[in-house]
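Reading the structure
Listed here are the chains, written in short residue letters.
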Amino acid sequence: MRLLLTLTTLLLSCLNTLAQTGSVDMDYYLPKDVTYDQSIPTPESIIGYTPGEWHVSHDKLSEYMRTLAAASDRITIENRGKTFEGRPILLLTITSPNNHNNLEAIRAEHVKLTENGSGSLNTSDMPIVVYQGLSIHGNEPSGANAGLVAAYYLAAAQGPKIDDLLKNTVILFDPSFNPDGLQRFAYWANTNKSININPDPQDREYNEVWPGGRTNHYWFDMNRDWLPVQLPESRARINTFHNWYPNILTDHHEMGSNSSFFFQPGIQSRTHPLTPALNQEITKQIGNYHAAALDKIGSFYYTEESFDDFYYGKGSTFPDINGGIGILFEQGSSRGHAQETENGLLEFKFTIRNQFTAILSTLEAAQGMRSKLLDYQRDFFNNARGEKANGAYVFGSEKDASSSYHLAEILKRHKIKVHEVDKDFTEGNSNFKKGMSYMVPKNQRQSRLIKAMFEKRTTFQDSLFYDISAWSFPLAFGVDFSENASLNNAGNEIQELSMKPTPAVASSTYAYLMEWHDYYTPKALNSILNKGIRAKVGMEQFILEGATYDYGTIMIPVQNQSLNPQELNAFINEIAQDAHVTIKSVSTGLTQGIDLGSNQFRALKPAKVAIIVGEGINPYDAGEIWHLFDTRYNMRITKLDTKSLGRADLSQYTDIILPNLWGSAIDKGTTEDIKQWVRDGGTLIGYKNVANWFKGNKMLNISFEETKNPAKNVSFEQRRDFSGAQVIGGAIFEAKQDRSHPINFGYTGDKVSLFRNTTIFVKADSTSYKNPIQYTKTPLQAGYISKINLKAIPETRPFVHQSTGRGEVILFTDNTNFRAFWYGTNKLLMNAIFFGSEM
């Protein structure tokens, strides 16, 4: 009887689904209080279906946006660049035809609100600027699909209501924040769609294969890149943002299918302290418009829960430190075309309608609160100037010009004024050299943004964070830094940033030497070894021809090479220029210290590297490594999928990287194959949770500091907050370095700043030289850590090396490649790759 009842219920559910998930027309979405220009093409007339019937692919989305721009004098379109997969990064500017005729004047007048002397500007007649961005996570597609409806509405709607909106508003409309991810997910959802829509959550349609469509080409979460701006899509939108300084920026997302709809503000105690209180009050007032619009269509929602405004690298928080209002929308996701949930059947078209409703309610709020938002923006920058911070920040490196350059590059992308250093000087314990350092005056328009990027905060109102709690850029880049520099040492403001010129390499008949300090030396070494050129690494310091050479100096002999001396010199010059590294020619092997013919120069072999990816591997961590090799160092890296790992010929590889591991992705047989590969001479490099896998499979002899924190005086309501507070969501810790150990080659100081988002604490070895990287006694530099974890971490070791047979096993408990902007620790991985056998 129970089985019959279940089957009957399922049949009724399917019939109900078929009845509800038939064709949809634009009347389902569009407001009825305006008329529509019949000459404007509808989405269906261009892409072949009404939004909601299928998931729009990026190519069709682009086609419609271009067609719409050609048909409407309210819209212009620009291509701001290409994604890694070659897709256009489009922006529509939507406003009245009259505003289009004066757009540059409107933009210039608007930007004046951020500048000194803005008090004379009349905001009562000034258009407001709204940036609406959609689906930065590709598998959260209701935003981009709602963009089809919204763009049509803004182009075709007729009447006084729309005329007033377009007269008073400039809309920067970004139809897809993440073109590559949207395309990947649309392919998945559409190729797994049935004629008879199956809402069973267990159906393949609702369960993507690894890595899913959330990320970009290199598997980055692009909604964490608004501050670091390391990705092409981010660079395009940041350039647009700083060109206009929008008053409102919306960021449309999706969440779990059993959720309703969220709009900001988020949890107030987790708002960053640099964000003015008025920002959150205005966000709440805008929220009243969203609530009224969603009430009108009968949609449920919530606010001031779950999400926060702390990390400024998210799309909905970044505007808050730039004089605007960022708004996060989160729609419960159908993850396909229709899915059964705790709230009943959730259809794709319903998610689109909610997002479209929020797009319009944002524009209504912008129009209704226009003067207030414009005045807020002006006051934000005036108040920042009133804080009158004196002096300057200065950063640089005597040995690594490239890392300093890339930090300055990020600042310039954010329209932060950066100056040359006029002369060499010393501040504190750091030396700042002209041509290798940069100065950032504190008293400038972006003073609050600079402070947010450079600060090292360790006290917080709350102990929970939706994302990381620290991101100090000087620590991330590993550069010397002072926040108390005098402007007397500042040179001219840099208008066009360029890398330090690389000196030509004089010809030698003996040898060439390259110190290992610059960020791009691994790129140069890889090119040298792959050319078949012999190279060795110096294990000790030495002095030659009046110059001091550090641990890890690379030596390239001239004799007995595949190239003659003239060809070798030409090649070395090519490599130096390409990698922006300094290579010196020498005429003798006699040194103070180890001579160039010493056995303390160890021969290096070309690296052939593989990385394990696929189900059970964190795609973010894997993607960061792939990106590092492919885009920074021009190194090939083979991606071995966990599904076929057992059939792979591992003998082809010198090194295999195992990123953060989830669960039991690698079976017992494959584990034994990997262990044998190590014994045969391979170097296995693991990250984070791989520590447990190494220990469980007896590949590393390690023990952990245990942390126990019993829940005392914690109520049932507080239980989740209590557990969450024990997590290290992302903080920065100081470790001391033994610079004579190959893992630390290239570092000039005896300390390094590590980004950590794990609670794996490996006890130090009793043999001191086996702890070449070890946390200091007071390691916290920035970010939140619970008291019990703060007690556990001092003097533990984030790096472990152990020889096995003829091979090596290496563990990093921390992410050395975090979000592509932790330049300061990328070299640790490269040292493991090139020098692992010398440890």
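Residues numbered from 1 in each chain as written. Predicted model: local features only at pLDDT ≥ 70, side-chain atom pairs only at ≥ 80, totals over all residues. Heavy atoms only, no water.

1. Some thoughts on the pattern of salt bridges
A complete count under the given rule lists 28 salt bridges for this structure. Where Glu-515 meets Lys-399, a salt bridge forms, and the shortest distance between an N and an O atom there is 3.1 Å. Of this pair, Glu-515 sits in the loop between β19 (511-514) and α16 (521-530) while Lys-399 sits in the loop between β12 (392-396) and α13 (401-413), placing them 116 residues apart in sequence. The exposure class assigned to Glu-515 is buried, which follows from its relative accessible area of 16%. Arg-413 serves as the salt-bridge partner of Glu-409, at 3.5 Å between the closest nitrogen and oxygen. Pair noted here: Glu-409 and Arg-413 are both in helix α13, with a separation of four residues, about one helical turn. What makes Glu-409 buried here is its relative accessible area of 17%. The exposure class assigned to Arg-413 is partly exposed, which follows from its relative accessible area of 29%. Each of Glu-140, Arg-214, Asp-221, Arg-224, Asp-467 and Arg-819 takes part in salt bridges that share partners, so that together they form one network. (Salt bridge = Lys/Arg side-chain N within 4 Å of Asp/Glu carboxyl O. Helix = DSSP H or I, 4+ residues; strand = E, 2+ residues; numbered from the N terminus. Buried < 20%, exposed > 50% of the residue type's maximum accessible area, 1.4 Å probe, protein only.)

2. Focus: the nonpolar core
By size, the foremost hydrophobic cluster in this structure holds 160 residues, and its most contacted members are Phe-473, Ile-554, Phe-629, Ile-657, Trp-693, Leu-829 and Phe-834. The greatest single-element share of this core, amounting to eight residues, is contributed by helix α23 (residues 823-835). Judged by nonpolar contacts, the second largest core, of 63 residues, contains Val-56, Ile-282, Leu-360 and Phe-380. (Core = buried A, V, L, I, M, F, W, Y, C linked by side-chain atoms within 4.5 Å.)

3. Comments concerning α13
A rise of 1.5 Å per residue sets the reference length of α13, with its 13 residues, at 18 Å; its end C-alpha atoms lie 18 Å apart and thus fit the reference within 8%. In terms of burial, α13 is largely enclosed, as 11 of its 13 residues are buried. Every buried residue of α13 is listed here: Ala-401, Ser-402, Ser-403, Ser-404, Tyr-405, His-406, Leu-407, Ala-408, Glu-409, Ile-410 and Leu-411. Residues of α13 that are buried in the fold lie against β12, β16 (437-441), α14 (447-454), α15 (473-477) and α23. The opening residue of α13, the one whose side-chain oxygen lies 3.3 Å from the backbone nitrogen of Ser-402, is Asp-400. Lys-415 sits one or two positions beyond α13 and adopts a positive phi of about 60°. (Expected span 1.5 Å × (residues − 1). Contact = heavy atoms within 4.5 Å. Polar contact = N/O pair within 3.5 Å; in protein donor to acceptor, adjacent residues only side chain to side chain.)

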